[in-house]
Every structure is written in C-alpha cells, then in structure tokens.
Amino acid sequence: KPEEAPPAVESSELMPTEELDATDGTGSKLELVKVKTGEEDEECIWKAKAKAYRFDEGENEWKERGVGEMRFLRCKETKRVRMLMRREQIHKICICINLSEAAPLKEHAENAKAWVFSGMDYSEEEDATRETICIKFTSPENAKLFKEHFETLGGP
C-alpha cells in the first residue's frame, strides 16, 4: 500500500497570529554600532555616479562590476590619492585603485561618457590584481571632470 500524504496543516497552526508592536516597549533594544569603513582618515575630493566594468581577458568581454559613486579620496596623513567605488545599497567595494599605480586614461571609442584605464585593484582580495576598468558616467560633463581630476591628482 503506498504511503499516505500527511494531513494538511493550516498556516494558523504553524504560527501564532499575535501582532508585535515595538512601541509598547516589548521589542528588541538595538544599540547603534559604529562601522569603520577605512575612509575615516581620508577626504573626498570629487565624486560622481558611475557604472564600472572590468575586462575579462579569458572570455574577451566586459563584465559589469557595479553601480555607485566613483570617488577620489586623499589620505590626510600621506596625501596619497585613491579611486574608490562602492556598490549602491550594499556598499561593497568594487574599485579601489591607488592613483599612483594607474595607467594613463584612454578615451572609450564609442562613448563620450566613458574612460578606460588599468591599475592594481585592491577591491576583491588582499593581494592586488591588475584590472582593465571602464568607468561610464551619467553625463559627458562628469566624464570630463573625472579626467581632469585623474590627471591633476597624480594620475599618469
């Protein structure tokens, strides 16, 4: 004789339908936690919203790295400048390149809002990897400002 299916269970049997309300003082008390980002000793010199791509040499194609604010950050102590981009909403670093280790900018052949460069990227692992990056901005004006800051802040 085949096994019989278990009897159906109503959802009200699994979960109480009591409504929780944190305003009456019974809810969890959460403490504010300070998060260290590693950017505390840096000043933001310039920022603009952009989309980042990296070139995958194995598959010979561009792969999206993330959307967020591309920023130039200067260390207050050493005065070194790095490019940093965090993904929107999750704030995970998708680009972290010291400007002194970046190759010269190249114009994107098909898009006036984008620049291509390579550099040692510290975003994925503790050991840097050489990546070819394409940064596409929301406007040609922001792309032009990126180029100006890249060159005046110490890029090659």
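These numbers were taken from a predicted model, which means no experiment stands behind them.

(A) View of the overall build of the protein. Counting its secondary structure elements, the protein contains two helices and seven strands. Each helix and strand of the protein, ordered N terminal to C terminal, gives the series α-β-β-β-β-β-β-β-α. Across the 156 residues of the protein, 33% fall into the buried class. Intrachain contacts of the protein at a sequence separation of at least 6 include 49% that bridge at least 24 residues. Accessible surface for the protein amounts to roughly 11300 Å². Of this, 49% is attributable to carbon and sulfur atoms.

(B) Expanded view of the pairing of strand E3 (residues 81-87). The element E3 is largely enclosed, with a buried count of six among its seven residues. Here seven bridges tie strand E2 (residues 61-75) to E3, and the two strands are oriented antiparallel to one another. Its bridge partner being in E3, Leu 73 is matched across the sheet by Arg 82. Pairing geometry for E3 and strand E4 (residues 93-102), over five bridges, is antiparallel. From the neighbouring strand, Arg 86 faces E4, where its bridge partner is Ile 93.

(C) Spotlight on the nonpolar core. Among the nonpolar cores identified, the biggest contains 24 residues, and Met 70, Phe 72, Met 83, Ile 135, Phe 137 and Phe 146 are the most heavily contacted of them. Among the secondary structure elements, those contributing two or more residues to this core are strand E1 (42-56), E2, E3, E4, strand E6 (114-121), strand E7 (129-137) and helix H2 (140-152). In terms of residue count, the dominant contributor to this core is E4 (five residues).

Each value, and the rule that gives it
- Residues numbered from 1 in each chain as written.
- Predicted model: local features only at pLDDT ≥ 70, side-chain atom pairs only at ≥ 80, totals over all residues.
- Heavy atoms only, no water.
- Helix = DSSP H or I, 4+ residues; strand = E, 2+ residues; numbered from the N terminus.
- Buried < 20%, exposed > 50% of the residue type's maximum accessible area, 1.4 Å probe, protein only.
- Contact = heavy atoms within 4.5 Å.
- Areas by Shrake-Rupley, 256 points an atom, 1.4 Å probe, with all protein chains shown as cover.
- Pairing = 2+ DSSP bridges.
- Core = buried A, V, L, I, M, F, W, Y, C linked by side-chain atoms within 4.5 Å.

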